[in-house]
Amino acid sequence: MSGGKNRPAPTDWQREALAELREAAAEQPDVLRLVGVPARGQNGVLRVTLRLHTGPLATADGGLVLQEHEEFVLTLPASPLSATTVEVEHWRFAGYPHVLQGRRLCIFLDPAREWDPLRGGIRAYLNRLWSWLSDAAAGQFNASKAMYHAVGGVLHQTPGTPTLVVRVPGPDQRIQTGYLIARTEHRLDLAYSPPPEGRAVRVPVITIAGALPLGGGSTFAELLTYVDNPPFDRQRRSSPQAVAQSPAILTTLAASAARNPDGSPQYLILAVPHPAGGPPNLLGARLPAPTADALRRMAHEQGSALNIDASQIRPDLLIEWCPVSDERPAVTTRRDDGSLIGGFLGKHVHVWGCGGLGSWIAEFVVRGGASQVTVCDPGTVTGGLLVRQNYVEADVGASKAQALARRLRAVDDTVAVHVHDGVLPDATALAGAEVIIDATVSIAMGHILDRLAASGGRHPVLAQVATDTRTGTLGLLSVSAPTTAQGPSSIDTAAGKIVLADPALELYHRLWQDTPDGDELVPTRGCSVPTFHGASADLAAVAGTLTSLLGMHLITPGSGTHLIALPHAAGSPHHHFLAHDPTPTTP
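Residues numbered from 1 in each chain as written. Predicted model: local features only at pLDDT ≥ 70, side-chain atom pairs only at ≥ 80, totals over all residues. Heavy atoms only, no water.

Student: Even after reading the chapter, I still don't get the sheet that holds strand E11 (residues 266–272), so can you show me in this structure?
Tutor: In a beta sheet, neighbouring strands are held together by backbone hydrogen bonds and run either parallel or antiparallel to one another. The strand order across the open sheet formed by 8 strands is E13-E12-E11-E10-E8-E9-E7-E14, and the pairing between neighbours is mixed. Strand pairing shows two members of the sheet lacking a second neighbour, strand E13 (320–322) and strand E14 (324–326), which therefore form its edges. Looking at each pair of strands side by side, their axes are set apart by 30° on average, direction ignored. Where strand E7 (residues 163–166) lies against strand E9 (residues 187–191), 3 bridges are found, and the strand directions are parallel. (Pairing = 2+ DSSP bridges. Helix = DSSP H or I, 4+ residues; strand = E, 2+ residues; numbered from the N terminus. Axes fitted to C-alpha atoms, helices over the stretch in contact; angles between N-to-C directions.)

Student: Before we go on, may I ask you to explain the packing of aromatic side chains in this structure?
Tutor: Think of a pair of aromatic rings as described by two things: how far the centres are apart, and how the planes are tilted against each other in angle. Applying the stated criterion to the full structure yields 7 aromatic pairs. The ring of Trp91 is capped by Arg103, whose NZ or CZ atom sits 4.0 Å from the centre of that ring. The ring of Phe532 carries the charged tip of Arg388 above its face, separated from the ring centre by 3.8 Å. (Phe/Tyr/Trp six-rings, centres within 6.5 Å; stacked < 30°, edge-to-face > 60°. Lys NZ or Arg CZ within 6 Å of the ring centre and 35° of its normal.)

Student: Looking at this structure, how should I read unusual backbone geometry?
Tutor: Among all residues save glycine, negative phi is the norm, and among peptide bonds the norm is trans. Put simply, Ser572 and Pro573 share a cis peptide bond, and its omega is 0°. Position of Pro573 among the secondary structure elements: in the loop between strand E21 (560–565) and strand E22 (575–579). Although it is not a glycine, His98 sits at a positive phi angle of roughly 65°. Relative to the elements of secondary structure, His98 occurs in the loop between strand E4 (85–87) and strand E5 (99–100). If you check the backbone angles, Val441 has positive phi at about 55° while not being a glycine.

Student: What am I meant to see in the nonpolar core here?
Tutor: Generally speaking, soluble globular proteins have nonpolar side chains that are buried together. Counting 43 residues, the largest nonpolar core has Phe344, Val375, Ile437 and Leu550 as its most contacted members. When residues of this core are traced back to their parent elements, those giving at least two are strand E15 (348–352), helix H7 (358–367), strand E16 (372–376), helix H8 (400–411), strand E18 (435–438), strand E19 (461–467), strand E20 (474–480) and helix H12 (536–555). By residue number, the principal contributor to this core is H12, which donates 8 residues. Residues within four places of Ile437 in sequence aside, it is in contact with Phe344, Val349, His350, Val351, Trp352, Ile361, Val365, Ala463, Val465 and Leu550. Counting 35 residues, the second largest nonpolar core, distinct from the first, contains Leu66, Val86, Tyr96 and Ile107. (Core = buried A, V, L, I, M, F, W, Y, C linked by side-chain atoms within 4.5 Å. Buried < 20%, exposed > 50% of the residue type's maximum accessible area, 1.4 Å probe, protein only. Contact = heavy atoms within 4.5 Å.)

Student: How should the packing of helix H5 (residues 246–258) against helix H6 (residues 289–302) be read in this particular structure?
Tutor: The packing of two helices is summarised by the inter-axis angle and the distance between the axes. Running from N to C, H5 and H6 point in directions that differ by 90°, and their axes come no closer than 8 Å. Taken together, the axes of H5 and H6 are roughly perpendicular relative to one another. Taking contact as the criterion, the partners of Leu253, Ala254, Ala257 and Ala258 in H5 are, on H6, Ala292, Leu295, Arg296, Ala299 and His300. Split into classes, the residues belonging to the contact of H5 with H6 amount to 7 nonpolar, 1 polar and 1 charged. (Parallel < 35°, antiparallel > 145°, perpendicular 65-115°, else oblique. Nonpolar A, V, L, I, M, F, W, Y, C, P; charged D, E, K, R; others polar.)

Student: Could you clarify how one ought to interpret the pattern of salt bridges in this entry?
Tutor: Should the charged atoms of two oppositely charged side chains come close, the side chains can pair. This structure, assessed with the given rule, holds 25 salt bridges. Residue Arg334 is joined to Asp336 by a salt bridge in which the shortest nitrogen-to-oxygen separation is 2.9 Å. Judged by its relative accessible area of 19%, Asp336 falls in the buried class. The partner of Asp395 in a salt bridge is Arg406, with the nearest N and O atoms 3.2 Å apart. Pair noted here: Asp395 is in the loop between E16 and H8 and Arg406 is in helix H8, with a separation of 11 residues, a long-range link. (Salt bridge = Lys/Arg side-chain N within 4 Å of Asp/Glu carboxyl O.)

Student: Looking at this structure, I do not really get the sheet that holds E15. What am I missing?
Tutor: Read from one edge of the open sheet, 8 strands run E17-E16-E15-E18-E19-E20-E21-E22, paired in mixed fashion. This sheet does not close on itself; its edge strands, each paired only once, are strand E17 (416–420) and E22. Within this sheet the neighbouring strands show an average axis-to-axis angle of 15°, counted without direction. Each of E16 and E17 is contacted by H8, which is oriented at about 175° to E17, the strand it contacts most.

Student: Any chance you could explain helix H10 (residues 443–454) here in plain terms?
Tutor: Note: α-helices contain 3.6 residues per turn, so residues at a spacing of three or four share the same orientation. With 12 residues, H10 should cover 16 Å at 1.5 Å per step; its first-to-last C-alpha distance of 17 Å lies within 8% of that length. For H10, the full list of buried residues reads Met445, Gly446, Leu449, Asp450 and Ala453. For H10, the buried positions fall inside an angular range of 140° around the axis, keeping them on one side. Those residues of H10 that are exposed and angled more than 90 degrees off the buried face are Arg451 and Ala454. Against E15, E18, E19, E20 and helix H11 (488–500) lie the buried residues of H10. For H10, the capping residue at the N-terminal end is Ser442, with a side-chain oxygen 3.3 Å from the backbone nitrogen of Ala444. Taken from the residues just after H10, Gly456 is the one with a positive phi, measuring 100°. (Expected span 1.5 Å × (residues − 1). Arc of directions from axis to C-beta. Polar contact = N/O pair within 3.5 Å; in protein donor to acceptor, adjacent residues only side chain to side chain.)

Student: Can you help me understand the environment of Tyr179 in this one?
Tutor: With respect to the helices and strands, Tyr179 occurs in strand E8 (residues 175–184). Measuring from C-alpha to C-alpha, the distance between Tyr179 and Met298 comes to 22 Å, with 119 residues separating the pair along the chain. Once you skip the residues sitting within four places of it in the chain, Tyr179 turns out to touch Asp189, Leu190, Ala191, Tyr192, Ser193, Pro194, Pro195, Ala200, Val201, Arg202 and Val203.

Student: How should the pairing of strand E10 (residues 200–207) be read in this particular structure?
Tutor: Of the strand pairs in this sheet, E8 and E10 are connected by 7 bridges, and their pairing is antiparallel. Considered in E10, the bridge of Gln176 is made with Val205.

Student: Looking at this structure, I do not really get the environment of Gly353. What am I missing?
Tutor: Turning to its location among the elements, Gly353 is positioned in the loop between E15 and H7. Put simply, Gly353 and Val375 are 22 residues apart on the chain and 7.4 Å apart in space, counted from C-alpha to C-alpha. Excluding residues that lie within four positions of it along the chain, Gly353 makes contacts with Gly358, Ser359, Cys376, Asp377, Ala439 and Thr440.

Student: Please clarify how the state of the cysteines should be interpreted in this entry.
Tutor: Working definition: the covalent bond between the sulfur atoms of two cysteines is a disulfide. Applying the stated criterion across every chain, the model contains 0 disulfides. Counting only cysteine sulfurs, Cys376 is the nearest neighbor of Cys354, a cysteine outside any disulfide, at a range of 6.5 Å. Residue Cys354 is classed as buried on the basis of its relative accessible area of 0%. (Disulfide = S-S within 2.5 Å.)

Quick look at the structure:
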């Protein structure tokens, strides 16, 4: 029986796309031709070969060199939910930006957002391909932004392997010794000095001579081949002089494996130069334990005379690729770059009061990149607080400050978190603060900050936050800039007089008025201190907005009071700022 008889027939989508291709070819026979008969591929795809007349495309130095006619293979998936792909059947494009693994053209950077089968269908795809070729020939691609192209343009990841976290640049040496420190069962952190407590595995970090435009391969032998024999040098149009690096890689791997426990896999990190220069890409790999054990035996048997012939490596020895979380500052742009929260980057921030607003604000400050955070609160976590504060069941019964500190360290283990279980940090801790946020709603705390502002000279940025008792959907932030002699409590009092006299700001009057009966909540029967209403979603939103607004004052200093209301709060305006006027008001 012929295998072709069992293959499924083209889907409706494939027939429709093929019909469009034929129509386009009939309309422009001098530009587009279909070559041969469409072929069935794996997973039900349909492969169609096109010949395009690319000779007329304008070219520029450094652009992709195209022949008069070029052939491309379109892969039509069974469903329009998956994007069509296109590749070539030669290596002439290997190493050029936006060419994946040497042959596949990167038509879409993000297919989920760019592939729309309902708008234009396959004709739109052809236009996209033509635009890609036009830009490539004209040298319009920005190679420096094609970060994955140094390693074939695709992710290297084997299911089940741990993520290697890299946060520091290594020493400027071709071969370095690193240490992988287990943080969790699915995470290993790279360090360049052994941890004092031990329990780290040695890993060689090797900088190779050239890029890997075809990727790292799927077997150990394939990787060594790609490292020693780059398949094509795009600029010189010839293979570069081979630099055999596999002997050094094998020797270093074996030496490292000999220092790691028997029966354990051996890790390897390759620093791959990027074609556009700059910091190298990092590839993380792992040799399974049997292969690592074989290297150990060779290292023990041969000692300093160790010399492994790469040609003797079995071609079927698999190599496992580990995802790399490359967080080196030179290659990483924070996702909150340019946002107001950036004002906290590198700052030492105090958060006094770890309750409905303070607990969320402390977390947002840490996520915003603060270098040090000091939290203080004399309270204890109870079960009822979980409704609106960011504590968890395991925190019940613990000190609020200690519990919040654990959460903050879990969010970012590079930030220094200091804890004061009392109501106020000591003088030494206060001296190091750059920002103090009072989330206690304590009159006494307000006086302390006012005295700090009036003590003369520059002081930390001082802030006071609050919400309303009835809904927890309003927010109040008073800020005292470093040169303002009035503290946030005084600024708040001055703002209150203005707000209460303005009918247009009636929504916010309750923030300065006595609390009407019924607005406060008595959480439990008996002797329970009344508190404000509020849900975690609302308080997190209020806290987040107030944190961003305070971040704005860290970027551009200024004093004043912000009033905010969530979109579902009854009334408006949803934001109003009262700049602080230091001129004493007439009694």
